[in-house]
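Residues per chain, in single letters:
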Amino acid sequence: MARIILPCILASQVVIVFFICSFSTNLATGEDLGFVRSLDRKLLGFKKEKFSHFRFYWHDILSGRNPTAVPVVPPSSNTSTAFGLVNMIDDPLTLGPKLSSKLVGRAQGFYASASQQDLGLLMVMNFAFMEGKYNGSTITVLGRNSVLNAVREMPVVGGSGLFRFARGYVQARTHILDFKTGDATVEYNVYVFHY
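Residues numbered from 1 in each chain as written. Predicted model: local features only at pLDDT ≥ 70, side-chain atom pairs only at ≥ 80, totals over all residues. Heavy atoms only, no water.

The name given to the chain in an unreviewed UniProt entry is Dirigent protein, and the organism recorded there is Carya illinoinensis. What UniProt states about the chain under its Subcellular location (unreviewed entry) heading is, verbatim, "Secreted, Extracellular space, Apoplast". UniProt lists a comment for the chain under the heading Sequence similarities (unreviewed entry), and it reads "Belongs to the plant dirigent protein family." (UniProt positions renumbered as here; feature names shortened; annotations may be inferred.)

See below:
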């Protein structure tokens, strides 16, 4: 009889230990619902969140032999705001307002004329950095750009590399706009939380 009871007691103790271990694992990693679970950001290697300010100049060049912005969808024929226009961009980002100043990255994406009443653009772009410790990292911007306003604000919706889980906003100020060619130089100030 003792031979039968001893294995039963050991088996029940193993079940209890297993239950306690699995319960404590759920407390450490979070609730597990099968398709989603909470995670501790420290387990993913995220350190303390930082708040950074970047300033650079965005050069949108539509003219010449080597444009950095090209139309991929023409505007509607009966519009004064270029409604419907979509331009794909690979614009240089430089430290200073001159195109010849130090290149720190590129703005890659597109902008579309999304307003029938004024010059309002939908901006969808990644600031792809190629300088210093941020080389290979991106900040993603998605928002409305009211081109004729002195200062425009658009949200930072994410990023990659050193900007994973980035959030914040950008402020754009037109530095130079050539109405004849459409070329523009815009100062961008980026305020971003990141890890």
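J.: Looking at this structure, how should I read the overall build of the chain?
T.: The secondary structure content of the chain amounts to 1 helix and 9 strands. Beginning at the N terminus, the succession of helices and strands in the chain can be written as α-β-β-β-β-β-β-β-β-β. Expressed as a percentage of the 195 residues in the chain, the buried residues total 34%. When contacts within the chain are restricted to residue pairs at least 6 apart in sequence, those whose partners lie at least 24 apart make up 47%. (Helix = DSSP H or I, 4+ residues; strand = E, 2+ residues; numbered from the N terminus. Buried < 20%, exposed > 50% of the residue type's maximum accessible area, 1.4 Å probe, protein only. Contact = heavy atoms within 4.5 Å.)

J.: Hey, could you run me through the pairing of strand β3 (residues 86-94) in this one?
T.: Residues in a regular strand point their side chains to alternate faces of the sheet. Counting buried positions along β3 gives 7 out of 9 residues, so the element sits mostly inside the fold. Two elements, strand β1 (residues 50-60) and β3, share 2 bridges in a ladder whose sense is antiparallel. In the strand pairing of β3, W58 is matched with L93. Pairing geometry for strand β2 (residues 69-73) and β3, over 4 bridges, is antiparallel. Bridging from a neighbouring strand, A69 pairs with I89 of β3. When β3 meets strand β4 (residues 103-113), the two strands line up antiparallel, connected through 9 bridges. Within β4, the residue paired with I89 across the bridge is G109. (Pairing = 2+ DSSP bridges.)

J.: When you look at the side chain of T185 in this model, what are you seeing that I'm missing?
T.: Here T185 is to be found in strand β9 (residues 184-194). Here H59 takes part through its side chain, which lies 3.4 Å from a polar atom of the side chain of T185. Non-local contacts of T185, meaning those with residues more than four positions away in its chain, are made with Y57, W58, H59, P97, T174, H175 and I176. (Polar contact = N/O pair within 3.5 Å; in protein donor to acceptor, adjacent residues only side chain to side chain.)

J.: Can you walk me through the nonpolar core in this structure?
T.: Counting 28 residues, the largest nonpolar core has F56, W58, M125, F127, I139, Y188 and V190 as the members making the most contacts within it. Counting only elements with at least two residues in this core, the list comes to β1, β3, β4, β5 (120-129), β6 (138-146), β7 (152-160), β8 (167-177) and β9. (Core = buried A, V, L, I, M, F, W, Y, C linked by side-chain atoms within 4.5 Å.)

J.: Any chance you could explain the environment of G161 here in plain terms?
T.: By the secondary structure assignment, G161 is in the loop between β7 and β8. A residue is classified by how much of its surface remains accessible, and G161, at 35% relative accessible area, is partly exposed. Between the C-alpha atoms of G161 and G136, which are 25 residues apart in sequence, the distance is 6.8 Å.

J.: Would you mind showing me how to read the pattern of salt bridges here?
T.: Two side chains carrying opposite charge are able to pair once their charged atoms lie near each other. Following the criterion strictly, the structure yields 5 salt bridges and no others. R55 is paired through a salt bridge with E187; the nearest N and O atoms lie 3.6 Å apart. Highlighted residues: R55 in strand β1 and E187 in strand β9, separated in sequence by 132 residues. With a relative accessible area of 43%, R55 lands in the partly exposed category. For E187, a relative accessible area of 16% translates into the label buried. Among the salt bridges present, the one from D90 reaches R106, with a minimum N-O distance of 2.8 Å. Here D90 is found in strand β3, whereas its partner R106 is found in strand β4, with 16 residues between them in sequence. (Salt bridge = Lys/Arg side-chain N within 4 Å of Asp/Glu carboxyl O.)

J.: Would you mind showing me how to read unusual backbone geometry here?
T.: Excluding glycine, most residues fall at negative phi; most peptide bonds, likewise, are trans. Phi angles above zero are rare outside glycine, and A82 is one such case at about 60°. Secondary-structure assignment places A82 in the loop between β2 and β3. Of the residues examined, A82 reaches a relative accessible area of 26% and is grouped as partly exposed. The phi dihedral of F165 falls on the positive side, at around 65°, and the residue is not glycine.

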